[in-house]
Amino acid sequence: MSVDNSPRRAGGGTVVPEKCKQLVSLLVDGGWSFVLNHGIDTGSSPFVTVEARRRDDHVMVTWHTRATGTYRLFSCMFNRRDVSLTRLQEVAP
């Protein structure tokens, strides 16, 4: 089974990357407050950013379509330090 990471869905609408959905589920289960933002950069490339907080912890993850045309992990920070999404999943619950 393949996952469609293209930024646009047939008939309009925006696709949220599967890993983003998984992260949001993890944040909800862990009691985090978060916001999910869709945006378009100056080159017309869509991106999705999740920013979350819980007590003194701060998470920001961005998926971008620049250069590839499909969503790819662009940045992942936990308490303002670069981390992998796997590491974030270990420390975020």
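Preceding this paragraph is the structure being described.
Predicted model, so just to flag it, every value in this text is computed and none were measured. Every chain begins its residue count from 1, and numbering advances along the sequence as written. Side-chain atom pairs in this predicted model are given and counted only at pLDDT of 80 or more, local residue features only at pLDDT of at least 70, and totals for whole chains, interfaces and linings cover all residues. The basis for every side-chain value is the complete set of heavy atoms in the structure, and neither hydrogens nor water enter the calculation.

Draft legend 1. Molecular detail of the environment of Arg 55. Think of it this way: any DSSP run of H or I at least four residues long counts as a helix, any run of E at least two long counts as a strand, and we number them from the N terminus. Mapped onto the secondary structure, Arg 55 falls in the loop between strand 4 (46-54) and strand 5 (57-64). Between the C-alpha atom of Arg 55 and that of Trp 32, which follows or precedes it by 23 residues, the distance is 8.6 Å.

Draft legend 2. Here's a closer look at the nonpolar core. Counting 15 residues, the largest nonpolar core has Leu 23, Val 50, Val 59, Val 61, Trp 63 and Leu 88 as the members making the most contacts within it. Among the secondary structure elements, those contributing two or more residues to this core are helix 1 (18-29), strand 4, strand 5 and strand 6 (72-78). Looking at which element gives the most residues to this core, the answer is helix 1, with four residues. For our purposes a nonpolar core is just a set of buried Ala, Val, Leu, Ile, Met, Phe, Trp, Tyr and Cys residues, chained together by side-chain atoms within 4.5 Å. Exposure is judged per residue with a 1.4 Å probe applied to protein chains only, and the accessible area is read against the type maximum: over 50% gives exposed, under 20% gives buried, and values in between give partly exposed.

Draft legend 3. Expanded view of the environment of Ala 67. In this structure, Ala 67 sits in the loop between strand 5 and strand 6. Judged by its relative accessible area of 82%, Ala 67 is exposed. Taking the C-alpha atoms as reference points, Ala 67 and Ser 45, 22 residues apart in sequence, are found 8.4 Å from one another.

Draft legend 4. Structural context of the side chain of Asp 41. Take Asp 41: it is sitting in the loop between strand 3 (33-40) and strand 4. Residue classification places Asp 41 among the buried residues on the basis of a relative accessible area of 17%. Under this definition, polar contacts are N or O atom pairs within 3.5 Å; protein pairs additionally need one hydrogen-donor-capable and one acceptor-capable atom, and for neighbouring residues in sequence, both atoms have to be side-chain atoms. Of note is the side chain of Asp 41, whose polar atom sits 2.8 Å from the backbone nitrogen of Ser 45.

Draft legend 5. Focus on the pairing of strand 5. Most of strand 5 is tucked away: six of the eight residues are buried. By the bridge criterion, eight bridges tie strand 4 to strand 5 in an arrangement that is antiparallel. Paired with Thr 49 across the strands is Thr 62, a residue of strand 5. Think of it this way: DSSP has to see at least two bridges between two strands before they count as a pair. Bridge count between strand 5 and strand 6: six bridges; the pairing is antiparallel. Residue Met 60 lies in a different strand from strand 6, and its bridge partner there is Met 77.

Draft legend 6. Main features of the pattern of salt bridges. For this document, the term salt bridge refers to a Lys or Arg side-chain nitrogen within 4 Å of an Asp or Glu carboxyl oxygen. A complete count under the given rule lists one salt bridge for this structure. Ionic pairing is found between Arg 66 and Asp 41, a salt bridge with its closest N-O pair at 3.2 Å. Residue Arg 66 is located in the loop between strand 5 and strand 6, and its partner Asp 41 is located in the loop between strand 3 and strand 4; the two are separated by 25 residues in the primary sequence.

Draft legend 7. The arrangement of unusual backbone geometry in detail. Of note in this structure, Ser 44 is not a glycine but carries a positive phi near 70°. Its location among the elements puts Ser 44 in the loop between strand 3 and strand 4. For Ser 44, a relative accessible area of 58% gives the class exposed. Phi is positive for Arg 55, which is not a glycine, with a value near 50°. Judged by relative accessible area, Arg 55 falls into the exposed class, the value being 73%.

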